[in-house]
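# A look at the structure
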Amino acid sequence: ELRLIVAQRLVPTKTGGIRAVCEVLYVEEDVRRYIRNNELEKIKQHMERQGGDSKSQLLNDVLYRLVTEDVIEEKVAIRASYNPKELIERLGRL
């Protein structure tokens, strides 16, 4: 039984190190149904609806946080994002 999905990217930090950034999806019954019915586009919507109430986290949320905490540069975050347009819009609101 599928319980967890993790996608990871490695990004360079401002201090010269490397940091893993992860998107984490805890597979609940709703997610199982989306997968079974091939409604994969609904998974991201599900994660966004859960927000801070879930252990799941979106990659762009992690990238945004690392930029605002001055750990990585904006251009690094944008390059690592699977949805750079969304991240650019969000970063523009800083």
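Scope of this entry: the structure provided in the associated data block. None of the values given here were measured: they were computed from a predicted structure.

Before going further, it helps to spend a moment on a nonpolar patch on the surface. On the surface, Leu2, Ile5, Ile35 and Leu40 cluster together into a nonpolar patch covering about 320 Å² of accessible area. Residue position: leucine 2 is located in the segment before β1 (4–12). With relative accessibility at 43%, the residue leucine 2 sits in the partly exposed group.

Sheet topology places β1 next to strand β2 (residues 18–26); nine bridges connect them, and they run antiparallel. Bridge pairing in β2 places glutamine 8 opposite cysteine 22. Between β1 and the antiparallel strand that follows it, β2, lie five residues; glycine 16 among them carries a positive phi value of about 95 degrees.

If you walk through the whole model with that rule in mind, you get zero aromatic pairs. Stacked on the ring of tyrosine 64, the Lys or Arg arginine 90 has its end atom at 4.2 Å from the ring centre.

Glancing now at the environment of leucine 10. With respect to the helices, strands and loops of the structure, leucine 10 is situated in strand β1. Taking relative accessible area as the criterion, leucine 10 reaches 58% and is therefore assigned exposed.

Here helix α2 (residues 41–50) has its buried residues at Ile43, His46 and Met47. Each buried residue of α2 lies within a common arc of 95 degrees when the element is viewed along its axis, so the set occupies one face. Exposed residues lying more than 90 degrees from the buried face of α2 are Glu41 and Arg49. In this structure, the buried side of α2 is in contact with β2 and α1 (29–36).

Let us look at the side chain of histidine 46. Tracing the backbone through its elements, the reader meets histidine 46 in helix α2. A distance of 3.0 Å separates polar atoms of two side chains, one belonging to histidine 46 and the other to glutamate 28. Leaving out residues up to four positions away in the same chain, histidine 46 has contacts with Glu28, Asp30, Val31 and Tyr34.

Here the focus is the side chain of asparagine 60. Here asparagine 60 lies in helix α3 (residues 59–68). By relative accessible area, which is 2% here, asparagine 60 ends up buried. At 3.2 Å, the side chain of asparagine 60 forms a polar contact with the backbone oxygen of asparagine 83. The contact partners of asparagine 60, leaving out residues within four places of it in the chain, are Ser81, Asn83, Glu86, Leu87 and Arg90.

The rules behind the values
- Residues numbered from 1 in each chain as written.
- Predicted model: local features only at pLDDT ≥ 70, side-chain atom pairs only at ≥ 80, totals over all residues.
- Heavy atoms only, no water.
- Patch = residues over 30% accessible without salt bridge, like charges linked within 9 Å, V, L, I, M, F, W, Y side chains within 5 Å.
- Areas by Shrake-Rupley, 256 points an atom, 1.4 Å probe, with all protein chains shown as cover.
- Salt bridge = Lys/Arg side-chain N within 4 Å of Asp/Glu carboxyl O.
- Helix = DSSP H or I, 4+ residues; strand = E, 2+ residues; numbered from the N terminus.
- Buried < 20%, exposed > 50% of the residue type's maximum accessible area, 1.4 Å probe, protein only.
- Pairing = 2+ DSSP bridges.
- Phe/Tyr/Trp six-rings, centres within 6.5 Å; stacked < 30°, edge-to-face > 60°.
- Lys NZ or Arg CZ within 6 Å of the ring centre and 35° of its normal.
- Arc of directions from axis to C-beta.
- Contact = heavy atoms within 4.5 Å.
- Polar contact = N/O pair within 3.5 Å; in protein donor to acceptor, adjacent residues only side chain to side chain.

Read these as layout, nothing more, since geometry by itself doesn't imply function.
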